[in-house]
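Here are the chains, one letter per residue:
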Amino acid sequence: MSEIFQHQIKVLFQHCDPAGIVFYPRYFEMVNQTVEEWHDAGLGHSFAQMHMESGYGVPTVSIGAEFTAPSKMGDVLTWSLSVLRLGRTSAHLRITARCGGDLRMTATPVLVYVHMESGRPVPWSDPLRAEMKRYLSGDALPG
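Residues numbered from 1 in each chain as written. Predicted model: local features only at pLDDT ≥ 70, side-chain atom pairs only at ≥ 80, totals over all residues. Heavy atoms only, no water.

**Some thoughts on the overall build of the protein**
Just so we agree on the cut-off: Counting from the N terminus, the helices are the DSSP runs of H or I reaching at least four residues and the strands are the DSSP runs of E reaching at least two. With C-alpha atoms as the basis for the radius of gyration, the globule rule is written as 2.2 Å multiplied by the number of residues raised to the power 0.38. His is not counted, nor are the chain ends; Lys and Arg add positive charge and Asp and Glu add negative charge. Charged side chains are reduced to one point each, which is NZ for Lys, CZ for Arg, CG for Asp and CD for Glu.
Each helix and strand in the protein was counted, giving 3 helices and 7 strands. Helices (α) and strands (β) of the protein occur, in sequence order from the N terminus, as β-α-α-β-β-β-β-β-β-α. Its C-alpha atoms give the protein a radius of gyration of 15 Å, within 12% of the compact-globule value 15 Å for 143 residues. Each of the three principal axes of the protein carries a C-alpha extent, and together these read 45 × 35 × 25 Å. A gap of 6 Å separates the mean positions of the 12 positive and 14 negative side-chain charges of the protein.

**Comments concerning the sheet that holds strand β4 (residues 76–86)**
The condition that has to hold: Strands are labelled as partners when DSSP assigns at least two bridges between them. Lines fitted to C-alpha atoms define the axes here, with helix axes fitted over just the stretch in contact, and angles between the N-to-C directions of these axes take values from 0 to 180 degrees. The contact criterion used throughout is that any non-hydrogen atoms of two residues lie within 4.5 Å.
With antiparallel pairing, the 5 strands of this open sheet are ordered in space as β1-β4-β5-β6-β3. The open sheet has two free edges, formed respectively by β1 (5–10) and β3 (60–67), since each of these has just one partner strand. Each strand axis lies, on average, 20° off the axis of its neighbour in the sheet, ignoring direction. Judged from the 8 bridges that link them, strand β5 (residues 90–99) and strand β6 (residues 102–112) form a sheet pairing that is antiparallel. If you follow Cys99 over to β6, its bridge partner there is Asp102. In the packing of helix α1 (residues 24–42) onto the sheet, the strands contacted are β1, β3, β4, β5 and β6, and the crossing angle to β1 comes to about 135°.

**What about the packing of aromatic side chains?**
Put simply, the test is: Centres within 6.5 Å make a pair out of two Phe, Tyr or Trp rings, where for Trp the six-membered ring is used; the pair is then stacked when the planes are under 30 degrees apart, edge-to-face when over 60, and tilted otherwise.
This structure, assessed with the given rule, holds 8 aromatic pairs. Taking the centre distance of 6.2 Å and the plane angle of 70° together, the rings of Tyr24 and Phe67 count as edge-to-face. One end of the pair, Tyr24, is in helix α1; the other, Phe67, is in strand β3, with 43 residues separating them in the sequence. An aromatic cluster is present here, built from Phe23, Tyr24, Tyr27, Phe28, Phe67 and Trp79 joined pairwise through their rings.

**Digging into the side chain of Ser137**
Residue position: Ser137 is located in the segment after α3 (126–133). Sequence-distant contacts of Ser137, defined by excluding residues within four places in its chain, comprise Ser2, Ser82, Val83, Leu84 and Arg94.

**Here's the deal with the nonpolar core**
Inclusion rule: Residues grouped as a nonpolar core are buried Ala, Val, Leu, Ile, Met, Phe, Trp, Tyr and Cys residues, joined through side-chain atoms within 4.5 Å. The buried label applies to any residue whose accessible area, calculated with a 1.4 Å probe on protein chains only, is under 20% of its type's maximum; exposed applies above 50%, and partly exposed to all values in between.
Within the largest apolar cluster, 32 residues are counted, with the highest numbers of intra-cluster contacts made by Trp38, Leu77, Trp79, Leu93, Trp124 and Met132. The residues contacting Met132, other than those within four sequence positions of it, are Trp38, Leu43, Val83, Leu86, Ala91 and Trp124.

**Some words on the pattern of salt bridges**
Basically, it comes down to this: The salt bridge criterion pairs a side-chain nitrogen of Lys or Arg with a carboxyl oxygen of Asp or Glu, the two atoms within 4 Å.
Applying the stated criterion across every chain, the model contains 4 salt bridges. For Glu131, the salt bridge goes to Arg134, with nearest N and O atoms at 2.1 Å. The class for Glu131 is partly exposed, based on a relative accessible area of 26%. It is possible to trace a salt-bridge network through shared partners that takes in Glu3, Glu131 and Arg134.

**Let's talk about the pairing of β1**
Only one face of β1 is covered, namely the one carrying Phe5, His7 and Ile9; the face carrying Gln6, Gln8 and Lys10 has none of its residues buried. As judged from the 6 bridges shared by β1 and β4, these two strands associate in the antiparallel manner. Within the sheet, the bridge partner assigned to Lys10 lies in β4 and is Val76.

As structure tokens, this is what we get:
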């Protein structure tokens with residue numbers, strides 16, 4: 001059985017429009033925060049270590065999103081991340097946000113592992129790939 005990475009983000013004033021609901025671009029910031037938290041807490045390979053020490057990065061090259069219901073200031077969102085497909089240099093993710101049992105949004109980012117100096121894709125390191133495989137979803141896409 002695969003693992004699902006989870007963490008929580010409380011919706012703050014800074015995330016909201018004047019009506020007190022999450023302004024949709026802020027969801028993308030929370031999606032990126034979820035990816036960063038996953039690298040740090042889930043994979044044991046922080047963005048700081050990867051970018052500043054190792055010279056690699058994982059830019060998002062594509063992202064789909066569905067906004068199912070509004071989130072309001074004060075809501076605590078539980079973010080869940082799983083890997084749909086793990087390629088040689090890319091990872092297709094599914095990230096959902098729920099408040100209680102209610103789905104608020106789903107994002108499907110595609111990350112590519114790149115060498116920061118050249119900006120070119122490179123294969124995932126063996127240790128990082130092994131950690132990422134733990135989150136490969138049971139309904140994974142064919143590779």
